[in-house]
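# Report on the structure
This is what each chain is made of:
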Amino acid sequence: AGGTGGHLFPAQALAEALTARGWRIALATDERGASYASSFPAERRIPLSAATFKSGDPIGMARAAFHVFSGWNQAKDAFRRTRPDVVVGFGGYPSLPALMAALSGKIPTVIHEQNAVLGRVNRFLAPRVTEVACAFPTLEKAKPEVVARAHVIGNPVRPEIRALYGKPFAA
């Protein structure tokens, strides 16, 4: 996961739930994602190179491709050492290199889309991954075959956020 807290915090909620069930968690993200991950319950952190680009920017696209390819190799090296049981991506450009490495290594993969519109990275990966999870029954920009196999599970929520349910909003 990575990019912003919108991708990272649902991943953190899942990691907390899996840790409570005895799973060992590693977080693969870029420098920007790591800045949101101070409370992420990972016993290992895998720094990855990643970048995004704007459509119509060929130089930015080439630069992003270089960073993603570097991150893919970093993830492949890390996965050879750690042998993950599954790689779960929560969208955003930092999830691309890790999921591409998992796919090339035949490791089971899951993506989760937090929004009603499938993001660019998840849209690219959805036809390739083992499972697709989503927050809403509407999954705009997804191909019909992706929508047909998507599991609507909602958004994972961290316990400290769940604890606020029902409390009045203080302006």
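These lines cover the structure that appears in this document, whether it is placed above or below.

Cut-offs used in this document
- Residues numbered from 1 in each chain as written.
- Predicted model: local features only at pLDDT ≥ 70, side-chain atom pairs only at ≥ 80, totals over all residues.
- Heavy atoms only, no water.
- Patch = residues over 30% accessible without salt bridge, like charges linked within 9 Å, V, L, I, M, F, W, Y side chains within 5 Å.
- Areas by Shrake-Rupley, 256 points an atom, 1.4 Å probe, with all protein chains shown as cover.
- Salt bridge = Lys/Arg side-chain N within 4 Å of Asp/Glu carboxyl O.
- Helix = DSSP H or I, 4+ residues; strand = E, 2+ residues; numbered from the N terminus.
- Buried < 20%, exposed > 50% of the residue type's maximum accessible area, 1.4 Å probe, protein only.
- Expected span 1.5 Å × (residues − 1).
- Contact = heavy atoms within 4.5 Å.
- Phe/Tyr/Trp six-rings, centres within 6.5 Å; stacked < 30°, edge-to-face > 60°.
- Lys NZ or Arg CZ within 6 Å of the ring centre and 35° of its normal.
- 1 Å grid on protein atoms, 1.4 Å probe; cavity = no way out; pocket = protein on both sides within 12 Å on 5 of 7 lines; lining within 4 Å.
- Points joined across faces, edges and corners; volume = space filled by probe spheres on them.
- Nonpolar A, V, L, I, M, F, W, Y, C, P; charged D, E, K, R; others polar.
- Pairing = 2+ DSSP bridges.
- Axes fitted to C-alpha atoms, helices over the stretch in contact; angles between N-to-C directions.
- Core = buried A, V, L, I, M, F, W, Y, C linked by side-chain atoms within 4.5 Å.

### Points about a nonpolar patch on the surface
Taken together, the side chains of Val-157, Ile-161 and Leu-164 define a hydrophobic patch exposed on the protein surface, amounting to about 240 Å² of accessible area. The topology assignment puts Val-157 in the loop between β6 (150-152) and α7 (159-162). Owing to a relative accessible area of 36%, Val-157 belongs among the partly exposed residues under this scheme.

### Overview of helix α1 (residues 5-20)
Spanning 16 residues, α1 covers 22 Å between terminal C-alpha atoms, matching the ideal 22 Å at 1.5 Å per step. Burial in α1 covers these residues: Gly-5, His-7, Leu-8, Pro-10, Ala-11, Gln-12, Ala-13, Ala-15 and Leu-18. Here the buried face of α1 lies against β1 (26-29), α2 (31-34) and α7. Positive backbone phi, at 95 degrees, marks Gly-22, one or two positions downstream of α1.

### Quick look at the packing of aromatic side chains
Given two aromatic rings, one states the distance between the centres and the angle between the planes to describe the pair. For the coordinates displayed, the defined rule picks out one aromatic pair. Ring geometry for Phe-69 and Trp-72: centres 6.2 Å apart, planes at 75 degrees, overall edge-to-face. With Phe-69 and Trp-72 both in helix α3 (residues 58-82) and three residues apart, the pair spans about one turn of that helix. When the ring centre of Phe-124 is taken as reference, the NZ or CZ atom of Arg-128 above it lies at 4.2 Å.

### Description of the layout of surface pockets
When its volume is computed, the largest pocket comes out at roughly 690 Å³. Only α1, β1, β2 (44-47), α3, β3 (87-89) and α4 (95-104) provide two or more residues apiece to the lining of the largest pocket. With four residues, the top contributor of residues to the lining of the largest pocket is α1. Of the residues in the lining of the largest pocket, the class split is 20 nonpolar, three polar and five charged.

### What to know about the sheet that holds strand β4 (residues 109-113)
Taken in spatial order, the four strands make up an open sheet running β3-β4-β5-β6, and their pairing is parallel. Looking at the sheet topology across the chains shown, the edges are occupied by β3 and β6. Each neighbouring strand pair of the sheet contributes to a mean axis angle of 25 degrees, computed without reference to strand direction. Judged from the four bridges that link them, β4 and strand β5 (residues 131-134) form a sheet pairing that is parallel. By the bridge assignment, Val-110 is partnered in β5 with Glu-131.

### Comments concerning the nonpolar core
Core analysis: the biggest nonpolar cluster contains 29 residues, and Phe-79, Ile-111, Leu-125 and Val-132 have the highest contact counts within it. Contributing elements (two or more residues each) for this core: α3, α4, α5 (120-125) and β5. Each residue touching Phe-79, except ones within four places of it in the same chain, is listed here: Ile-46, Pro-84, Val-87, Ala-98, Ala-101, Ala-102 and Ile-107. Ala-15, Leu-18, Ala-37 and Phe-90 belong to the second largest nonpolar core, which has eleven residues in total.

### A short note on the pattern of salt bridges
Applying the stated criterion across every chain yields a total of three salt bridges. One salt bridge in this structure joins Asp-77 and Arg-80, with 2.7 Å as the shortest N-O distance. Here the residue Asp-77 and the residue Arg-80 both occupy positions in helix α3, the gap between them amounting to three residues, near one helical turn. Looking at Asp-77, the relative accessible area reads 37%, which means it is partly exposed. The class of Arg-80 is exposed, set by a relative accessible area of 53%. Its salt-bridge partner being Glu-160, residue Arg-158 comes within 3.4 Å of it at the nearest N-O pair.

Keep in mind these numbers describe shape, not what the thing actually does.
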